[in-house]
Amino acid sequence: MSKLYVANDPVLGRVEYRDRKRWWWLLSVVYPLIPFVGIGAHAATGYQILLGIPLLISYGLMPLLDALIGDDRNNPPEAVVPQLEADRYYRWLTWATVPLHFVALIGCAWWVGTQSLSWWAVLMLAYIAGTDSGLGINTGHELGHKQTAVEQWLARLVLAVPAYGHFTVEHGRGHHRFVSTPDDHASARMGESIYRFALRELPGGIRRAWQLESQRLRQLGSSPWSRHNTMLQSYAVTAVLQLGLVVAFGWVMLPFLAVHNVVAWWQLTSANYVEHYGLLRQRGANGQYEVPQPHHSWNTNHLITNLALFHLQRHSDHHAHPTRRYQSLRHFEQLPQLPSGYFGMFPMAYVPWWWFKVMDPRLMALPHVGGDLERVNVDPARAGRIWERYGRAAAA
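Position numbers for residues count from 1 along each chain, tracking the sequence in the order it is written. At least 70 in pLDDT is required for a residue's local features to be given in this predicted model, at least 80 for side-chain atom pairs to be given and counted, and no such filter applies to totals for whole chains, interfaces and linings, which use all residues. No hydrogens and no water enter the side-chain calculation; it runs on all heavy atoms of the structure.

Caption draft 1: Main features of the packing of aromatic side chains. A pair of Phe, Tyr and Trp rings is counted when the ring centres sit within 6.5 Å of each other, with Trp represented by its six-membered ring. The angle between the planes then sorts it: under 30 degrees is stacked, over 60 is edge-to-face, the rest tilted. The full count for this structure, using the stated rule, is 18 aromatic pairs. Residues Phe-197 and Tyr-273 carry aromatic rings whose centres are separated by 5.6 Å and whose planes lie at 55 degrees to one another, so their mutual orientation is tilted. In this pair, Phe-197 is assigned in helix 9 (residues 194-219) and Tyr-273 in helix 11 (residues 253-275), connecting sequence segments 76 residues apart. Take Phe-197 and Tyr-273: they sit in the same class, and that class is buried. Here the aromatic rings of Tyr-277 and Trp-355 are separated by 5.4 Å at their centres, their planes lie at 90 degrees, and the arrangement is edge-to-face. Here Tyr-277 is found in the loop between helix 11 and helix 12 (303-308), whereas its partner Trp-355 is found in helix 15 (residues 352-364), with 78 residues between them in sequence. The rule is simple: take the accessible area with a 1.4 Å probe, protein chains only, and divide by the maximum for that residue type; under 20% is buried, over 50% is exposed, in between is partly exposed. Residue class for Trp-355 comes out buried when judged on its relative accessible area of 0%. Criterion for a charge above a ring: Lys NZ or Arg CZ within 6 Å of the ring centre, and within 35 degrees of the ring normal. Over the ring of Trp-23 we find Arg-22; its NZ or CZ atom is 5.9 Å from the centre of that ring. Here a strand is any run of E in DSSP of at least two residues, a helix any run of H or I of at least four, and the numbering for each starts at the N terminus.

Below you can see the structure in the form of structure tokens.
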């Protein structure tokens, strides 16, 4: 169930590393099929409420398992990382996940289109399908950071499922450049609720992606409206897929897909919100922001949700080394640490007073912040109230 990697280190000599999570990464592959658990339960019993089982698993069981099993702080030695990254098994897992996102959406649409479901059951299954396609954005995130043509195309394909074809452009060339600065609409500010954050993040992502892709194409002598536009390539697949579902299963697909798409986008917004909340890169004497460091992202080593998300939650190392593959991402000491995995943090973010109560003191206590609001990305709309509370505390 594991594989031994051996390398020679100039300082340590012979280094051995056994990846004991090698087969457990299959959880990331099969997790997109979770809607079929609810569909199967409904088919077996006739109870429509059981369609909601995937929500109980994601937001109940997964955080509980994270709490019970705890953190995984294991790191692969750097000497074996080249072997680990070259092992094609790990990338085959991400490739195999792509068609499963299509299967999940088509399966949910088929159940809605062929069963006599009440309106609330249709909306619930649309919501579940949307959260599932939000995982597709995570798969696209892992693939989109890689430089091979195959993985770039697979990223566009999987992002077509939730109609989020602009993500690779926006994330790689926009968010990673401006992360944890006031200039980044995908980095949440201290005191900013997720709902106010969404009003910046959702339209800002599409707008910046179009600007970046248009600029790239013009430099190549092409029109932004040409077939070379990677955003339009992905959106074209979206149109074929979702119009095909309407043709196959009728007009009920219109509200179903509308809810599905918005919820999938909301999943990405939720991840962006928790990943950089309040963190701030400092400006140097030349006015330029410092290079992104691991402490500019919130990290979590909770084992179970990391196994279900291709290590997305080791976000600190990812932003410091964006092309590093998921199986090689590392834990560092003294990083901003979330108290739970993402499946536990999302519900907290949806209740702003709860989020602020937990996260604001944790943010201010970070070693590199040291209670200094000058080292925090503060929401201008809440700056007065935040400075009144935490500025006085720091002065005392």
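Moving on from the model shown.
Caption draft 2: Local environment of the packing of helix 7 (residues 149-160) against helix 10 (residues 230-249). Between helix 7 and helix 10, the shortest axis-to-axis distance is 8 Å and the interhelical angle comes to 45 degrees. Taken together, the axes of helix 7 and helix 10 are oblique relative to one another. With respect to the hand of their crossing, helix 7 and helix 10 are arranged in right-handed fashion. Together, Trp-153, Arg-156, Leu-157, Leu-159 and Ala-160 of helix 7 and Thr-230, Gln-233, Ser-234, Val-237, Thr-238 and Leu-241 of helix 10 make up the contact between the two elements. Its residues placed into classes, the contact of helix 7 with helix 10 shows six nonpolar, four polar and one charged. Fitted lines through C-alpha atoms give the axes, limited to the stretch in contact for helices. The angle between two N-to-C directions lies from 0 to 180 degrees. Just so you know how the angles are binned, under 35 degrees is roughly parallel, over 145 roughly antiparallel, 65 to 115 roughly perpendicular, and the rest oblique. Handedness of a helix crossing follows the sense of rotation of the near helix relative to the far helix, less than a right angle counterclockwise being left-handed and clockwise being right-handed. By definition in these notes, contact holds between two residues if any of their heavy atoms fall within 4.5 Å. Amino acids are sorted into nonpolar (Ala, Val, Leu, Ile, Met, Phe, Trp, Tyr, Cys and Pro), charged (Asp, Glu, Lys and Arg) and polar (every other residue, Gly among them).

Caption draft 3: Broad picture of helix 8 (residues 167-178). Of the residues making up helix 8, those classed as buried are Phe-167, Val-169, Glu-170, His-171, Gly-174, His-175 and His-176. Contact partners of the buried residues in helix 8: helix 6 (119-144), helix 7, helix 9, helix 10, helix 11 and helix 13 (315-320). Taken from the residues just after helix 8, Ser-180 is the one with a positive phi, measuring 55 degrees.

Interpretation note: all reported values are geometric properties and have no functional meaning in isolation.
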